[in-house]
Amino acid sequence: MSESTQELDALVHREYQEGFVTDIESDTLPPGLNEDVIREISRRKNEPEFMLEWRLEAYRKWLDMPEPNWAHINYSKINFQDISYFSAPKNPDDGPESLDEVDPRLLETYAKLGIPLDEQKVLAGVKGANIAVDAVFDSVSVRTTFREKLAEAGVIFCPISEALQDHPELIKKYLGSVVPQADNYYACLNSAVFSDGSFVYIPKGVRCPMELSTYFRINEMNTGQFERTLIIAEEGAYVSYLEGCTAPMRDENQLHAAVVELVAMEGAEIKYSTVQNWYPGDEYGRGGIYNFVTKRGACRGDRAKISWTQVETGSAITWKYPSVILYGDDSVGEFYSVALTHNMQQADTGTKMIHIGKNTSSTIISKGISAGRGQNTYRGQVKILRGADGARNYSQCDSLLMGDQCGAHTFPYVEVQNKTATLEHEASTSKISEDQLFYLRQRGLSEESAVSMIVNGFCKAVFRELPMEFAVEAQKLMDVSLEGAVG
Amino acid sequence: MLSIKNLTVEVDGKEILKNLSLEVGSGEVHAIMGPNGSGKSTLANVLAGRDGYEVTGGSITYLGKDLTELKIEDRAGEGLFLAFQYPVEIPGVSNIAMLKAAVNSLQKYRGEEELSAGEFLKLIKEKAAMVEMKQAFLQRSVNEGFSGGEKKRNEILQMAMLEPTLAVLDETDSGLDIDALKVVASGVNALRSPERSMIIVTHYQRLLDYIQPDFVHVLAEGNIVKTGDRTLALELEERGYSWIEQQVAKG
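Residues numbered from 1 in each chain as written. Chains lettered and ligands numbered in written order. Predicted model: local features only at pLDDT ≥ 70, side-chain atom pairs only at ≥ 80, totals over all residues. Heavy atoms only, no water.

## A closer look at the nonpolar core
Right, so step 1: In terms of nonpolar packing, the biggest core is built from 98 residues, with Ile 369, Val 455 and Met 478 of chain A together with Leu 2, Ile 4, Leu 47 and Ile 199 of chain B touching the most fellow members.
Right, so step 2: With nine residues, helix α11 (residues 447-463) of chain A is the single largest residue contributor to this core.
Right, so step 3: Look past the residues within four positions of Leu 2 of chain B in its chain and what remains in contact with it is Leu 22, Glu 23, Val 24, Leu 47, Ile 60, Thr 61, Tyr 62, Leu 166 and Ile 199 of chain B.
Right, so step 4: Core analysis: the second largest hydrophobic core is formed by 37 residues, Phe 146, Val 200, Cys 208 and Ala 264 of chain A among them. (Core = buried A, V, L, I, M, F, W, Y, C linked by side-chain atoms within 4.5 Å. Buried < 20%, exposed > 50% of the residue type's maximum accessible area, 1.4 Å probe, protein only. Helix = DSSP H or I, 4+ residues; strand = E, 2+ residues; numbered from the N terminus. Contact = heavy atoms within 4.5 Å.)

Rendered as structure tokens:
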């Protein structure tokens, strides 16, 4: 083995930095799933009756649904009775009124992860100055910052469990309106057992004064995280929202089955960014998160716009297709994605753009990076319905391969029922070449910096869509996730 | 400064350079000429440390160090620069970002402070003017969609920015029209200094009309078979490489 190979080898064995466990007393339901468990989740959250009924209805539908097997992924079957469906850090009664009431170990956890939960510090602070954060730890939201400031603008940003108490009419109206209960197997399970997540409501004509972000962390062993996020932007409203995720290193696989629904009314814009760094499992494919997620947005009004940007570097398996249904005329859907698979990671991800309104347009930019024995699949659907006169789509799917044991796959589906539609599709597959590495190293860059520069160049079209603060984070995350990937 | 002794290099198990020796002193400009397949580019690549070029005999001593012991990037750190025959495209990475990373990597290697954004911009503006390169050029992705002449000018710009102690120019004249050749040559001439040595690898003597070398070496079948001054290049031009090959055959 040459010297440089040894160095690379050492880097490959670098540990996942967010893999620590917080030793905190938790209130966790025993594993298992039945109607009583669902009643118990609903009871603990003190939910209105309609919510319990909705959950039970979803559960009964779920029981009759088959597990999907069409994705290009391999994994051992999940035993849904082995999972605990609710886990919460023990808290004083109704959740913290101020930071003083938040368990210091929780604050420490988020501090370690670089997530500011202290408004004073954020305000005084250096980094990420204009961001409100909702922190979800296992099944509950532990802290949402800047709520008062947002409330002044009329923006509601709170845990969905609280929205159920304070704004049940909004939940009743919109929950399941974009992703119906029985949409798919995991969304249906989520509808039955979802625990927490964020709720955002931007009233008519309001531009949300700050970036909103939710930070998800799975801590407890053998628990699943089933968060549910609902964002509604009324006529002419604007919001930019970011979610981030991490989990401890464990040998067992853990399930994360989330549902995100976005509703954009006439002229509204929702920009939704994800930096997903769930524990990916070790180099032999032991452990890691199964990230089975349904994300969908509906442009309900004319000129509405929904933009998804995702940087997916974590999880043992990623299975998600953030989509946009373009009902309104002149509405716009965008999907920008970087998915990286290293070691034994598998990703089957892409988007669906459904054109219904006239002159609707969509853009898809997907960048897949495979290293180690990672498998990366782009799966996308562009559907132009009969009435969508003048619809346009531009798709670009690029794959970058590192090493000779990984794989990249592309499954673009196109269905056009209107003759006036314009579709463009570009695809490429390339390898980081020895020539590129030699060139940059000859200019003085280390092998690592050279790889990082090449990969970041490859991802540039996506990174520039991220909010500034997070673009830098995403770049760093790519570097860390790719360390030792060449050799 | 550079001392190559009895160097033998294999590529894929085949001997390309055989027992080659070459001494380059400070500030000297050496031209290496030779027919295709004589080992010219191999010499350039082995100096830069490219993978796949295995030194099986002899030594390369550069500034008192065994060059073969150093990693590619450390050779760059020690002041060795290779202007590529085929400059490589790096999509999505701007020329200026790459150069900034390169300049600062070298600063770091030498234990010096990184340049501030202001210092860097001032420097690159000055050097870009030298190779008649427009500012907009700096924002484009490295070599992507560049014409042959632009790529070569870009190599010289990088060389100017990195201020090497030993510059190896591998067929920098190939694919250039006469105007581009003049720009490149004047860039190289501007960089000549008593502290900077150059090895210019070329097939044609045309480049040497503009960059006048102190020594001309003729490479044939992996070894230097003739060394002379500039007139040797002219003689070669006139009589062709077959003249050398015949001389070698006569032995």
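## Quick notes on empty space enclosed by the protein
All names here are of chain A.
Right, so step 1: For the coordinates displayed, the defined rule picks out four cavities of 30 Å³ or more.
Right, so step 2: Volume-wise, the largest cavity comes out at about 80 Å³.
Right, so step 3: Together, 14 residues line the largest cavity, and Ser 366, Lys 367, Gly 368, Asn 376 and Tyr 378 are the ones closest to its centre.
Right, so step 4: Broken down by class, the residue content of the lining of the largest cavity amounts to three nonpolar, nine polar and two charged. (1 Å grid on protein atoms, 1.4 Å probe; cavity = no way out; pocket = protein on both sides within 12 Å on 5 of 7 lines; lining within 4 Å. Points joined across faces, edges and corners; volume = space filled by probe spheres on them. Nonpolar A, V, L, I, M, F, W, Y, C, P; charged D, E, K, R; others polar.)

## Things to note about the confidence of the model for chain A
Should pLDDT be low for a region, the predicted coordinates there are not to be read in detail.
All names here are of chain A.
Right, so step 1: Mean pLDDT over chain A works out to 83, with 80% of the residues at or above the 70 mark.
Right, so step 2: Of the regions scoring below 50 in pLDDT, residues 1-14 engages in 16 contacts with residues more than four places distant in sequence or in other chains.
Right, so step 3: Note that pLDDT drops below 50 for residues 120-129; the model gives that stretch ten contacts with residues more than four away or on any other chain. (pLDDT = per-residue confidence, 0-100.)

## Section: the interface of chain B and chain A
Size of an interface, as often reported, equals the accessible area lost when the parts are brought together.
Right, so step 1: Contacts between the two partners involve 32 residues from chain B, matched on the other side by 19 residues from chain A.
Right, so step 2: When chain B packs against chain A, close to 2,100 Å² is buried across both sides, 62% of that on carbon and sulfur atoms.
Right, so step 3: Across the contact surface, chain B and chain A share three salt bridges.
Right, so step 4: A salt bridge links Arg 441 of chain A to Glu 73 of chain B; the shortest N-O distance between them is 2.6 Å.
Right, so step 5: Linking chain B with chain A are twelve residue pairs in polar contact (both at pLDDT 80 or more), by the criterion used here.
Right, so step 6: Elements that contribute at least two residues to the side of chain B that touches chain A include exactly α1 (40-48), α2 (72-77), β6 (80-83), β7 (90-94), α3 (95-109) and α6 (148-162) of chain B.
Right, so step 7: In terms of residue count, α3 of chain B provides more of the side of chain B that touches chain A than any other element does, six residues in total.
Right, so step 8: For the side of chain B that touches chain A, the residue count by class is 20 nonpolar, six polar and six charged. (Buried area = accessible area lost by both parts, 1.4 Å probe. Salt bridge = Lys/Arg side-chain N within 4 Å of Asp/Glu carboxyl O. Polar contact = N/O pair within 3.5 Å; in protein donor to acceptor, adjacent residues only side chain to side chain.)

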